[in-house]
Amino acid sequence: MTDSSKTVNTFTPTVEAIETSRRNFLKFGASGAAAVTLSGVLPGMAAQALAQPAVIDAHTPKAGERRIRLTVNGVAQELNVATNAILLDVLRDRLQLTGTKKGCDHGQCGACTLLVNGVAINSCLSIAVQHDGDAITTIEGLAQNGTLHPVQEAFWEHDAYQCGYCTSGQIMSAVAILQDPAIGRDDASVREAMSGNICRCGAYKNILAAVQSARGKMARVG
Amino acid sequence: MRTFDYVRADSSAQAAKQGSSQGAEVFLAGGTTLLDLVKLDVMKVEQIVDINRLPLKQIEPLSDGRLRIGTLVSNTELATHPLVRERYPLLSQALLAGASTQLRNKATTGGNVMQRVRCNYFRDGISACNKREPGSGCAAIGGLSRSVHAVLGTSEQCIATHPSDMCVAMAAIGAQVTVQGPNGLRDIPFADFHLLPGDSPWREHALQPHELITHITLDAPLAGSQSAYLKLRDRASYQFALASSAVIVRLESGRIAEARLALGGVATKPWRATEAERFLMGKRPSLALFNQAGELAMRGAVTTEHNAFKVPLGQQVLVRNLRDLTLQEASA
Ligand SMILES: Cc1cc2nc3c(=O)[nH]c(=O)nc-3n(C[C@H](O)[C@H](O)[C@H](O)COP(=O)(O)OP(=O)(O)OC[C@H]3O[C@@H](n4cnc5c(N)ncnc54)[C@H](O)[C@@H]3O)c2cc1C
Ligand code: SF4
Ligand code: FES
Ligand code: FES
């Protein structure tokens, strides 16, 4: 009503703006600008990939390096990696896919969980060379044509995070678990199957609710 | 992290020629033990021999009733295989009680057998530790020794537990470990595979340099038996055992005709409680009997300031498992 309150209002993000950024967070993980840029790059690259892989490194590998091909979120990429380069670090540092997080770096927290050929693993305990030829899905690869994956949608609806650091790992585990007929559907089975994903903020209750509600969404979809 | 060479093995013979399970040239399977310890610089590798492309991913029933498991079968695949669930439920339960979903997806059968101890002094890379640095002493003796330190099979040189759940089930079932070496294949009985620390805790298993595990073949299941794995730990999931038991038992006319008992979390190797097994033979199941068997199993325990609770806990984990398998009505 007064001038000063108007001034304040211009600095208050609109609900729409907040929702957009929360959605982007779920799409790309808490990764900021790099991931947003990628969203513009990826579709074009995907079309290219049908013909030939995106070449990240053109030169022949140096001593101590190997040339590998990874299909990341549907895009084939060729690059040179040091033989001791960890898969998680290659995705984050070389391919700018920073949605996958590094927590403990020793297989203990699950923040680095992603899918290799459809199977959830800890990417901090893999060297990139051992995945030559593999298909990798990260949090950035879940949304299709700008539409969130049902698990991402459910995490959003159920507020299944606080700081968000564990969230991409939680979501990748949940995606794998919901596809796995060997894992029970009851709450206890889901909790047990998700126990490799530690949440420092203790959002477990909402994470469980999100996973179970995503199960319903996925059943409806297909 | 230190740098290392990388080669991919195309055949078991080639892998055996190029690598070992320890030392400078090391096999890489799931990497969940190896890369963890390379990052900590506890395993000082110079060359990694990647065995993941070897055709050792099958689970095959043999005509004599045994089950042959390729070394690269993942812990998840093994736990959920229909034949394992049906014939060896305790093995499935033990695997699913270990680590996390994503770690079990990565971890392999041979790698699980070969996993290293979880002792903090071993892992920290600097403390006195005979396993890591032969002759340097053992910081755990007189140090912190509560959760991953043993009371059975220890020595003055090392008291770390063997951390595997899967191996405890295998110790009860019985198995042969097939290894490929420079001179061909040989079989090692599972009971002889893991070594007690004794005076040489850095020697953990019966493999010679350049020997690769290709398969593990489980003994045929005991006809008419019941079996289960029970694990006690500090939290309900995703934690190593404080004490665990694998029990296979067959009753005949209300008496115990056969019992195979193994313990985890309390011993320096997957621990078969043979004296307690013999004691149970021909007797009628009762809580009193099982308590006596539990006492026998833990007899000779050597404890530290922090882990003496493992003696009654080891006893209890055996008693409860036997009780639930044989005295259902009584316990319900
Ligand atoms: C956080 C965490 C929690 C865990 N919790 C549990 C638990 O509760 N219970 C449990 O039982 N385990 C647990 N584990 C351990 C896990 O089960 C092992 O790390 C895993 O089974 C090792 O298998 P791998 O295929 O990854 O082995 P790798 O790491 O690839 O190899 C381990 C060792 O075995 C050697 N090796 C591998 N394959 C062969 C072969 N074919 N022949 C000869 N040598 C070989 C390697 O050279 C290396 O020295 C946990 C691990 C972590 C990181
Ligand atoms: S208990 Fe074994 S592994 Fe631990 S410090 Fe002593 S020697 Fe090393
Ligand atoms: S960063 Fe991989 S499990 Fe913690
Ligand atoms: S939301 Fe903060 S660690 Fe899970």
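In the annotation of an unreviewed UniProt entry, the entry for chain B reads FAD-binding PCMH-type domain-containing protein, and the organism field reads Pseudomonas turukhanskensis.

The name an unreviewed UniProt entry gives chain A is Xanthine dehydrogenase, with Pseudomonas turukhanskensis as the organism.

Novice: I would appreciate a short explanation of the interface of chain B and chain A in the present structure.
Specialist: Put simply, an interface is often sized by how much accessible area is lost when its parts join up. Between chain B and chain A, the residue contacts involve 33 residues of the former and 32 residues of the latter. Taken together, both faces of the contact between chain B and chain A bury some 2,500 Å²; the carbon and sulfur share is 49%. Sorting the residues of chain B by area buried against chain A places Y6, K39 and Q102 of chain B first, and these three jointly supply 26% of that buried surface. Counting every contact that joins chain B to chain A gives two salt bridges. The shortest N-O distance in the salt bridge between D132 of chain A and R8 of chain B comes to 4.0 Å. If you look at where chain B meets chain A, you find 22 residue pairs in polar contact (both at pLDDT 80 or more). Mapped by element, the contributors of at least two residues to the side of chain B that touches chain A are β1 (5–8), α2 (34–39), β3 (47–50) and α6 (101–106) of chain B. Of the residues forming the side of chain B that touches chain A, the biggest block, five residues, is contributed by α6 of chain B. In terms of residue class, the side of chain B that touches chain A is made up of 12 nonpolar, 11 polar and 10 charged.

Novice: Help me out: how do you make sense of the nonpolar core in this one?
Specialist: Inside soluble globular proteins, nonpolar side chains tend to come together where they are buried. Judged by nonpolar contacts, the single largest core of 46 residues is most densely connected at V81, L91, I127 and I136 of chain A together with L34, V45 and I48 of chain B. Residue assignment for this core shows that the elements contributing at least two residues are β2 (65–72), β3 (75–82), α4 (87–94) and β4 (113–116) of chain A together with β2 (25–28), α2 and α8 (120–123) of chain B. Listed in part, the 40 residues of the second largest apolar core include Y88, F193, L207 and A262 of chain B.

About the thresholds
Residues numbered from 1 in each chain as written. Chains lettered and ligands numbered in written order. Predicted model: local features only at pLDDT ≥ 70, side-chain atom pairs only at ≥ 80, totals over all residues. Heavy atoms only, no water. Contact = heavy atoms within 4.5 Å. Buried area = accessible area lost by both parts, 1.4 Å probe. Salt bridge = Lys/Arg side-chain N within 4 Å of Asp/Glu carboxyl O. Polar contact = N/O pair within 3.5 Å; in protein donor to acceptor, adjacent residues only side chain to side chain. Helix = DSSP H or I, 4+ residues; strand = E, 2+ residues; numbered from the N terminus. Nonpolar A, V, L, I, M, F, W, Y, C, P; charged D, E, K, R; others polar. Core = buried A, V, L, I, M, F, W, Y, C linked by side-chain atoms within 4.5 Å. Buried < 20%, exposed > 50% of the residue type's maximum accessible area, 1.4 Å probe, protein only.

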